[in-house]
Amino acid sequence: MMMIWIGVTGMVLAGICLLVARSAAKRVRGIAGTETSTIAELNELHRAAEEAAGAGHFRYRCEIVAETVAPEGGPLVSELARRECVWHKHRVTHKYWETRTDNEGNRRREEKTRVVSQHVSAEDLPVRDATGDILVRPGKKEIDRPEKILDRFERDTGGASGGISFKGFTLNLPSDGGSIGFQQEEWIVASGRRLYLLGEASDDHGRLVIGPPSDGGLFIVSTRSEEELLGSARSRERGFRVAGLILGAVGALLLVAGTVTALL
């Protein structure tokens, strides 16, 4: 019976691996199958579409490579390290002790974590290539491989139970626990950083911007190059496909062997 369960588990894991491989293959097709445009070419296509059909109807799947520039109102400032940037993200994780009692009355102290503050900036990103400027609207889409500028653990020196404050928020700790401290992490994209962009250019909001495709297709904002993204996706596809095939074969063999053993 054990072999049957292991075989079933192996086949389930094989299915998951093959689904991941399929997703990676779709990502490869999306990146490799989209021709790189310049911002000037997007503007020309937009003008032609506007003349033919009017404003608000332009949608075009596109890929561009451009550098970030500071917004007209000035750069953003990251919330923890206070660094100037065009995009930022932070996460603060609280580490604390929690005392648990089992059914036999034994008490043990476990280290726990919880995210107490996180934020991703949602402002439009102005980008520029040699032919012009355009806005990128990432929304809550996280940028791939931003620069990590802060990774610091700040120990709570108070060490007492009860309420504590950090960066403007207050935490109520369990009466039998205690605070260990806070892990602070922050990432930014600075002005002048080269970005690879794959998405949809549209004029839905009154001006030409690049954002997520309206059909839910692939949307990438990355500091990596197209070649790096393709290499990573192809490696992921190969790795999960091989793992899926091996797990599927082993799972099927164990399932058959377990069934035969159970019938004897």
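Nothing here was measured: the structure is a model prediction, and the numbers come from that model. All residue numbers refer to position in the chain's written sequence, counted from 1. pLDDT decides what is reported in this predicted model: residues at 70 or higher carry local features, side-chain atom pairs at 80 or more are listed and counted, and totals for whole chains, interfaces and linings draw on all residues regardless. Side-chain measures were taken over the full set of non-hydrogen atoms in the model, leaving aside hydrogen atoms and water.

**Q** Talk me through unusual backbone geometry; I want residue IDs and the actual numbers.
**A** For arginine 82, which is not glycine, the phi dihedral falls at a positive 60°. Strands are runs of DSSP state E lasting at least 2 residues, helices are runs of H or I lasting at least 4, and numbering of each runs from the N terminus. Within the secondary structure, arginine 82 is located in the loop between strand E2 (76-77) and strand E3 (84-85). Despite not being glycine, arginine 145 shows a phi value in the positive range, around 60°. Assessed through its relative accessible area of 51%, arginine 145 is described here as exposed. Burial status follows relative accessibility: with a 1.4 Å probe on protein chains alone, a residue under 20% of its type maximum counts as buried, one over 50% as exposed, and anything between as partly exposed.

**Q** An account of a nonpolar patch on the surface is needed here, citing residue identities and associated values.
**A** In this analysis, a patch consists of residues with relative accessible area above 30% that form no salt bridge, clustered at 9 Å for like charges and at 5 Å for the nonpolar side chains Val, Leu, Ile, Met, Phe, Trp and Tyr. The accessible surface values rely on the Shrake-Rupley method and a 1.4 Å probe; as for residues, cover is taken only from the protein chains in view. Only one rule defines a salt bridge in this text: a Lys or Arg side-chain nitrogen within 4 Å of an Asp or Glu carboxyl oxygen. Taken together, the side chains of Met1, Trp5, Val8, Val12, Leu13 and Ile16 make up a nonpolar region of the molecular surface, amounting to roughly 620 Å² of accessible area. Checked against the element boundaries, tryptophan 5 lands in helix H1 (residues 2-32).

**Q** Explain the pattern of salt bridges to me, using residue names and the numbers behind them.
**A** Within the structure shown, the criterion is met by 15 salt bridges. Of the charged contacts, one joins glutamate 142 and lysine 89 as a salt bridge, the two residues approaching to 2.8 Å between their closest N and O atoms. Within this pair, whereas glutamate 142 is found in the loop between strand E7 (132-136) and strand E8 (147-155), its partner lysine 89 is found in strand E4 (residues 87-101), the two being separated by 53 residues in sequence. Glutamate 142 gets classed as partly exposed once you look at its relative accessible area, which sits at 40%. Of the residues examined, lysine 89 reaches a relative accessible area of 13% and is grouped as buried.

**Q** I'd like a rundown of the pairing of E7, residues and numbers included.
**A** Counting buried positions along E7 yields 4 of 5 residues, so the element is predominantly enclosed. Between any two strands, at least two bridges found by DSSP are needed for them to pair. Note: strand E6 (residues 125-129) against E7, 5 bridges, orientation antiparallel. Its bridge partner being in E7, valine 127 is matched across the sheet by isoleucine 134. Counted along the chain from E6 to the antiparallel partner E7, the turn is 2 residues long.

**Q** Report on the side chain of glutamine 184, specifying residues and quantitative values.
**A** Within the element layout of this structure, glutamine 184 appears in strand E11 (residues 178-189). Under the rule applied, a polar contact is a pair of N or O atoms within 3.5 Å (in protein, one hydrogen donor and one hydrogen acceptor; residues adjacent in sequence only if both atoms are side-chain atoms). Side chain to side chain, glutamine 184 and glutamate 154 meet in a polar contact 3.0 Å long.

**Q** Pulling in residues and values, what's your account of helix H3 (residues 226-263)?
**A** Compared with the 56 Å implied by 1.5 Å per residue over 38 residues, the 55 Å span of H3 between its first and last C-alpha is a close match. If you check which residues of H3 are buried, you get Glu226, Leu229, Leu230, Ala233, Glu237, Gly244, Gly248, Gly251 and Gly258. On its buried face, H3 sits against H1, strand E1 (59-68), strand E12 (194-202) and strand E14 (220-222). Under the convention used throughout, the expected extent of a helix is 1.5 Å for every residue step, that is, one less than its residue count. We call two residues in contact whenever any of their non-hydrogen atoms come within 4.5 Å of each other.

**Q** Give me the packing of aromatic side chains: which residues, what numbers.
**A** Any pair of aromatic rings gets described here by the distance separating the centres and the angle formed by the planes. Pairing of aromatic rings covers Phe, Tyr and Trp, the last counted by its six-membered ring, and requires centre-to-centre distances within 6.5 Å; plane angles under 30 degrees mean stacked, over 60 mean edge-to-face, and any other angle means tilted. Summed over the entire model, instances satisfying the criterion amount to 1 aromatic pair. Between phenylalanine 58 and tyrosine 60, the aromatic rings sit 6.4 Å apart at their centres with planes inclined by 20°, giving stacked as the arrangement. We call a charge positioned above a ring when the Lys NZ or Arg CZ atom is no farther than 6 Å from the ring centre and deviates by at most 35 degrees from the ring normal. Its guanidinium or amino end placed over the ring of tryptophan 187, lysine 89 lies 4.5 Å from that ring's centre, counting from NZ or CZ. A cation over a ring is seen here: arginine 109 above tryptophan 97, with NZ or CZ 4.1 Å from the ring centre.

**Q** An account of the nonpolar core is requested, with residue identities and associated values reported.
**A** With 23 residues, the main nonpolar core has Ile64, Val127 and Ile134 as its most contacted residues. Looking at this core, the elements with two or more residues in it are helix H2 (39-53), E1, E6, E7, E11 and E12. Only buried residues count toward a nonpolar core. Its members are Ala, Val, Leu, Ile, Met, Phe, Trp, Tyr and Cys residues joined through side-chain atoms within 4.5 Å.

**Q** If you had to explain the environment of histidine 57 to someone new, which residues and values would you point to?
**A** Mapping histidine 57 onto the fold places it in the loop between H2 and E1. With a relative accessible area of 56%, histidine 57 lands in the exposed category. Sequence spacing of histidine 57 and glycine 258 is 201 residues, and the spatial spacing of their C-alpha atoms is 60 Å.

**Q** A description of the environment of arginine 91 should follow, citing residues and the corresponding values.
**A** By the secondary structure assignment, arginine 91 is in strand E4. Residue classification places arginine 91 among the partly exposed positions, given a relative accessible area of 24%.

**Q** Please set out the confidence of the model for the protein chain residue by residue, giving values where relevant.
**A** The predictor attaches a confidence to each residue, called pLDDT, with possible values from 0 through 100. On average, residues of the protein chain carry a pLDDT of 89, and 92% of them reach 70 or more. Contacts from residues 159-164, a stretch scored under 50 in pLDDT, to residues over four places away or in other chains number 20 contacts.

**Q** Provide a residue-level description of the packing of H1 against H3, including the pertinent values.
**A** The axes are straight lines fitted to the C-alpha atoms, using for helices just the contacting stretch, and the angles between their N-to-C directions are given from 0 to 180°. With their axes 6 Å apart at the nearest point, H1 and H3 run at an angle of 160° to one another. Overall, the two elements H1 and H3 adopt an arrangement that is roughly antiparallel. When you trace H1 past H3, the crossing you get is left-handed. Here the term charged refers only to Asp, Glu, Lys and Arg, the term nonpolar to Ala, Val, Leu, Ile, Met, Phe, Trp, Tyr, Cys and Pro, and the term polar to all other amino acids, Gly among them. A per-class count over the contact of H1 with H3 returns 27 nonpolar, 8 polar and 6 charged. Roughly parallel means an angle under 35 degrees; roughly antiparallel, over 145; roughly perpendicular, 65 to 115; everything else is oblique. By convention, the crossing between two helices is left-handed when the near helix turns anticlockwise from the far helix through less than a right angle, and right-handed when the turn is clockwise.

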